[in-house]
Amino acid sequence: MACNNEHVNAWIEQVANKLQPENIVWVDGSEQENKKFCEQLVAEGVFTPLNPELYPNSYWSRSNPNDVARVEGRTYICSRNESDAGPTNNWHEPQEMYKKLDGLMAGAMKGRTMYVVPYLMGPDGSAYSKVGFEVTDSLYVVANMRIMARIGEVALKNLKDSSTDFVKGIHSKGELNPDHRYICHFPEDNTIISFNSDYGGNALQGKKCFALRIASTLAKKEGWMAEHMLILGITNPKGEKQYVCAAFPSACGKTNLAMLIPPQGYVNAGWKIETVGDDIAWLNFGPDGRLYAINPEHGFFGVAPGTSEKTNPNALATLKKGNTIFTNTALDLDTMTPWWEGLGPTPSNLKDWLGNEWDPDSGDKAAHPNSRFTTPAGQCPCISNEWESPNGVPISAIVFGGRRAHVAPLVYEARDWQHGTFVGVTMASEMTAAAAGTVGALRRDPMAMKPFIGYHAGDYFQHWLDMGVKGGDKMPKIFHVNWFRTNENGKFLWPGFGENMRVLEWILGRVNGNAGAQETAIGYIPTPADLNTDGLSTPEATLASLLTIDQSAWADEIVSQEEYLASIGDKLPAELWQEHAQLKERLLGKSSESVGLIQNL
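So, a few notes on the structure that sits alongside this text. If you're wondering where the values come from, they're calculated on a predicted model, not measured in any experiment. (Residues numbered from 1 in each chain as written. Predicted model: local features only at pLDDT ≥ 70, side-chain atom pairs only at ≥ 80, totals over all residues. Heavy atoms only, no water.)

### Examining the sheet that holds strand β21 (residues 337–339)
By way of backbone hydrogen bonds, the strands of a sheet pair with one another, either parallel or antiparallel. Cut-off, in case you're wondering: DSSP calls a pair of strands paired once it identifies at least 2 bridges connecting them. Under the scheme used here, helices are H or I runs from DSSP no shorter than 4 residues and strands are E runs no shorter than 2 residues, and both carry numbers assigned from the N terminus.
Read across the open sheet, the three strands follow the order β21-β20-β22; overall the sheet is antiparallel. Two strands close off the open sheet at either side, each with one partner strand: β21 and β22 (350–351). Here strand β20 (residues 330–332) pairs with β21 via three bridges, running antiparallel. Bridging from a neighbouring strand, D332 pairs with T337 of β21.

### Here we look at the packing of helix α15 (residues 551–568) against helix α16 (residues 574–588)
The following threshold applies: Only C-alpha atoms enter the line fits that serve as axes; for helices the fit covers just the stretch in contact. Angles between N-to-C directions range over 0 to 180 degrees. Under this scheme an angle from 65 to 115 degrees is roughly perpendicular, one under 35 degrees roughly parallel, and one over 145 degrees roughly antiparallel; angles in between are oblique. For a crossing to be left-handed, the near helix must be turned anticlockwise from the far one by less than a right angle; the clockwise case is right-handed. Contact criterion: two residues are considered in contact whenever any of their non-hydrogen atoms come within 4.5 Å of each other. Three categories are distinguished: nonpolar for Ala, Val, Leu, Ile, Met, Phe, Trp, Tyr, Cys and Pro, charged for Asp, Glu, Lys and Arg, and polar for the others, with Gly belonging to the last.
Close contact between α15 and α16 brings their axes to 11 Å; oriented N to C, the two are set at 160°. Here α16 runs roughly antiparallel to α15, going by the angle between their axes. Relative to α16, α15 is oriented so that their crossing is left-handed. Of the residues in α16, those touching α15 at Q551, W554, A555, I558, Q561, E562, L565 and A566 are L576, W577, H580, L583, K584, L587 and L588. Its residues assigned to classes, the contact of α15 with α16 comprises 10 nonpolar, three polar and two charged.

### Overview of the nonpolar core
How we decide: What makes a nonpolar core is a set of buried Ala, Val, Leu, Ile, Met, Phe, Trp, Tyr and Cys residues whose side-chain atoms join them at distances within 4.5 Å. For every residue, the accessible area obtained with a 1.4 Å probe (protein chains only) is divided by the maximum for its type, and the residue is called buried under 20%, exposed over 50%, and partly exposed between those limits.
If you look at the biggest cluster of nonpolar residues, it comprises 148 residues, and the most contacted ones within it are W282, F400 and W464. Counting 31 residues, the second-largest nonpolar core is a separate cluster that includes A16, M109, F133 and L159.

### Here's the deal with the sheet that holds strand β3 (residues 59–61)
Taking strand neighbours across the sheet as the criterion, the five strands line up as β2-β3-β19-β23-β18 in an open arrangement whose pairing is mixed. Each edge of the open sheet is held by one strand with a lone partner, namely β2 (47–49) and β18 (299–303). Along the sheet, successive strands turn relative to each other by an average axial angle of 20°, direction set aside. The pairing of β18 with strand β23 (residues 372–376) spans five bridges and is classified as antiparallel. What sits directly across from F300, in β23, is T375. Contacts from helix α2 (residues 31–43) reach β2 and β3, with the element oriented near 105° to β2.

### Here we look at the packing of aromatic side chains
Geometrically, a pair of aromatic rings is defined through the distance of the ring centres and the angle of the planes. Worth spelling out the cut-off: Only Phe, Tyr and Trp rings take part, Trp by its six-membered ring, and two of them pair if their centres are within 6.5 Å. Stacked means planes under 30 degrees apart, edge-to-face means over 60, and tilted covers everything else.
For the structure on display, the rule yields 20 aromatic pairs. Judged by centre distance (6.4 Å) and plane angle (80°), the rings of W26 and F133 are edge-to-face. Note that W26 is positioned in strand β1 (residues 23–26) and F133 in strand β7 (residues 130–136), a separation of 107 residues in sequence. For W26, a relative accessible area of 21% puts it in the partly exposed group.

### Thoughts on the pattern of salt bridges
We apply this condition: We define a salt bridge as a side-chain nitrogen of Lys or Arg found within 4 Å of a carboxyl oxygen belonging to Asp or Glu.
Scanning all chains against the criterion turns up 27 salt bridges. Its salt-bridge partner being R181, residue D67 comes within 3.9 Å of it at the nearest N-O pair. Linking D67 in the loop between β3 and β4 (75–77) with R181 in the loop between β9 (166–172) and β10 (182–186), this pair joins segments that are 114 residues apart in sequence. A single burial state applies to D67 and to R181, both of which are buried. Between E430 and R404 there is a salt bridge, with its nearest N and O atoms 3.2 Å apart. Highlighted residues: E430 in strand β26 (residues 428–430) and R404 in the loop between β24 (393–401) and β25 (411–413), separated in sequence by 26 residues. With respect to burial, E430 and R404 carry one shared label: buried. Salt bridges sharing partners connect three or more residues here, namely K207, K208, K254, D279 and E297.

### Section: the environment of D198
Put simply, the test is: We call two N or O atoms a polar contact when they sit within 3.5 Å, provided that within protein one can donate a hydrogen and the other can accept it, with sequence-adjacent residues counted only if both atoms are side-chain atoms.
Locating D198 in the fold gives a position in the loop between β11 (191–195) and α6 (200–203). The exposure class assigned to D198 is buried, which follows from its relative accessible area of 14%. On a C-alpha basis, the gap between D198 and I147 in space is 16 Å, while along the polypeptide they are 51 residues apart. Not counting the four nearest positions on each side in its chain, D198 is found in contact with D67, S138, Y140, V141, H171, K173, L176 and A203. Within the structure, the side chain of D198 is placed 2.6 Å from the side chain of S138, a separation counted as a polar contact.

### Remarks on the side chain of N500
With respect to the helices and strands, N500 occurs in the loop between β28 (477–481) and α13 (501–512). The buried category is assigned to N500, whose relative accessible area is 5%. Among the polar contacts made by the side chain of N500, one reaches the side chain of W494 at a distance of 2.7 Å. When neighbours within four sequence positions are excluded, N500 is seen to be in contact with L257, L260, W483 and W494.

Nothing here speaks to function; it is geometry throughout.
Below you can see the structure in the form of structure tokens.
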């Protein structure tokens, strides 16, 4: 495979001179090549073949125990000015970081093969897609990148021979030394360098590194949006299809919503949900002035534990079609199939994620809590036939959501784009007992992008506001959902999963002007009568509780929001302080009898 772009070839030569690989192999992305690579990974002990009848052409793999997740503490934005990185990122001066990495990585590929992976983020032929190159000494990375992105010839086809518009990525697994682990982004140079990790978002550079951190800086410069959002299509019984984007922090049901199966009554009536993407959306203005979204990825990189027939049957069906890599799950030695907590009954003969015979009485998890599956998106039973449309899909609504026990109601609609931006900026989740830290403590995660904004968060918020001004009344409506409200005994009030379809129906009803709501201090909230409750066993009193405003909880929320907004510093847009002040006045500036006063629309 030949690359005719002299800028790419000159850069590859420069990298090879520094890393000194024994061989250089350009990856073409073909089936024949992938088969050879997977056979080599099996021979090296990196891959274990799974049961071909149950998981065809699929493999089980383990990472180094010190290399099991993204490492935010070792992730840097190397912008020329420290003020451009902002309070949510680790910053390092770029020339100093280049010098440090050059020293650490000199000759890192001696005796190894350097694989050059051209990859395309986005559909083939789309004006919204972008090309990147990752040079790596890890065949594991190559095999995963082939699933997660469109690699090889298709990428070169989408890059003009004279173009310099590509992202340069250098990766070496090094010696997997965590003390010298670096995940570095150079936004002004469109460059990513990662070293001493061979896992997930650290090493698969098309994932968070390019698709969010670098892409968000490009999006600000070029007038579009790179967001940590799922994309789903909803078709009503009349055959009308609309698309929604949604951004949730971790542990808030993002992948489950992307692959939602509606209640049987909805299916019988003709409703249909289709998946365009489960993790990342790039949004551009179309010729009609609306926002259109593409999924820049080609696969799903999902967390395995908790994925089951109950929580996400479409995800399981995708995995069982094969062509999947499982990393750090357990392995059922009797059936040679992957297993994880939450999948189903515990097998009697398990090898754990560390490669040892698992003792169920040990108290240890058989699968690592962050164990993953890498699987082709095109295999998903509910994948949309528009998921690779070069034009993208028009977005009617954007949904934010967090895990809140008492504060946020089941769903509410923002007043306008500026208020919706404020809702996204102040989005938060309460920590659970499963996570290290204080149970109930808030973690603010603006737009679910806190670890992924490639520049100053205040400038990112301003970009959201600017996009709203540019798009005007053609911008999507913005909503907030909370599937996790609880009663006094800590029991969830809303059944969630497929029943979330009822909330999506109301959201589209608001978009289309045919669903009722009540105006409250925080936005527009449905009454129980505004939701489709046919076949729902949740009592009306519980529904009413889900849709009320907790006065004391919101009083605390106002204080918490103010502290968070202040932490962003001088670059926080004045419009967001204005939204906060107005919310405070609506909630606390009135008599207690009228706080959260509901006015029928």
